[in-house]
Amino acid sequence: MDDWWSSSSDSFSLSAEIHEVMKAKEASLRAWVGQSPQLNMRRYLVDWLINISDNIFHFDPPTIHLAIYLLDNFMDRYEIQDKTIYLIALISLLIAVKMEEDSKVPKISELNRCVDNRFELKEYLHIELILLRSFCFDLVIPTAAHFIDYYETIALSADDLLKYKGYGDSCSDPSILYKKARLTVKKHIHYFLEISLQRECLKIACS
């Protein structure tokens, strides 16, 4: 559903209901354990996928977050040969794109160029089927990126700034202050959203 997070008077109640359904789905998801033999490769795989997503294909945040969720959970449950791990990562990205933004689905040949044409078409198709089966074809999976627009919408309202009119800013127009505050909130939210993709490695480094 496009813009389900809209806070207009007509849709706010529906948005809240969708949010509750998504939270319930999120709570039912399998917890990440961090037991993959290739766990030391995760940070590099995440950085690599982010680079591909942002700089080559220009995918939206929910796509890369879903791709990394699929990769994490597949790695967590299976022992994967090192030579295959990049194929698993690319297939995770491919499945995520199909779920999140079907108008941008890349050709397998385009993905294969990211690994110097290392794999054959039949390998992509075979691994994609294995991943789909491993998730029982249930790929409606909410990630942090799926909630972010809703939280960004409800985090700040124009009324919040009325009592600070003119405070700490040369501009006293509440509408301009509100726009500036929204941009600041958005900037910080998306910064921490990207940082969250490496949260497991941060946790391991601090343990």
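Residues numbered from 1 in each chain as written. Predicted model: local features only at pLDDT ≥ 70, side-chain atom pairs only at ≥ 80, totals over all residues. Heavy atoms only, no water.

## Considering a nonpolar patch on the surface
Phase 1 of the analysis: On the surface, Tyr191, Phe192 and Ile195 cluster together into a nonpolar patch covering about 320 Å² of accessible area.
Phase 2 of the analysis: Residue position: Phe192 is located in helix H9 (residues 174-195).
Phase 3 of the analysis: Phe192 sits in the exposed class, given a relative accessible area of 52%. (Patch = residues over 30% accessible without salt bridge, like charges linked within 9 Å, V, L, I, M, F, W, Y side chains within 5 Å. Areas by Shrake-Rupley, 256 points an atom, 1.4 Å probe, with all protein chains shown as cover. Salt bridge = Lys/Arg side-chain N within 4 Å of Asp/Glu carboxyl O. Helix = DSSP H or I, 4+ residues; strand = E, 2+ residues; numbered from the N terminus. Buried < 20%, exposed > 50% of the residue type's maximum accessible area, 1.4 Å probe, protein only.)

## So, the nonpolar core
Phase 1 of the analysis: Judged by nonpolar contacts, the single largest core of 43 residues is most densely connected at Leu49, Leu70, Ile91, Leu93 and Tyr124.
Phase 2 of the analysis: Contributing elements (two or more residues each) for this core: helix H2 (42-57), helix H3 (61-77), helix H4 (85-100), helix H5 (108-113) and helix H6 (121-134).
Phase 3 of the analysis: At 11 residues, the largest contribution of residues to this core is made by H4.
Phase 4 of the analysis: Among residues more than four places away in sequence, those in contact with Leu49 are Ile64, Ile68, Leu71, Ala89 and Leu93. (Core = buried A, V, L, I, M, F, W, Y, C linked by side-chain atoms within 4.5 Å. Contact = heavy atoms within 4.5 Å.)

## Description of the packing of aromatic side chains
Phase 1 of the analysis: What the rule picks out here adds up to 5 aromatic pairs.
Phase 2 of the analysis: Taking 4.8 Å as the distance between ring centres and 85° as the angle between the ring planes, the aromatic pair formed by Trp48 and Tyr86 counts as edge-to-face. Of this pair, Trp48 sits in helix H2 while Tyr86 sits in helix H4, placing them 38 residues apart in sequence.
Phase 3 of the analysis: For Tyr86, a relative accessible area of 24% puts it in the partly exposed group.
Phase 4 of the analysis: Their ring planes at 75° and their centres at 5.0 Å tell us that Tyr191 and Phe192 sit as a pair that is edge-to-face.
Phase 5 of the analysis: Geometry around Phe147 places Lys23 over its ring, the cationic atom sitting 5.5 Å from the centre.
Phase 6 of the analysis: In this structure, Arg43 packs its charged tip against the face of Tyr44, placed 4.5 Å from the ring centre. (Phe/Tyr/Trp six-rings, centres within 6.5 Å; stacked < 30°, edge-to-face > 60°. Lys NZ or Arg CZ within 6 Å of the ring centre and 35° of its normal.)

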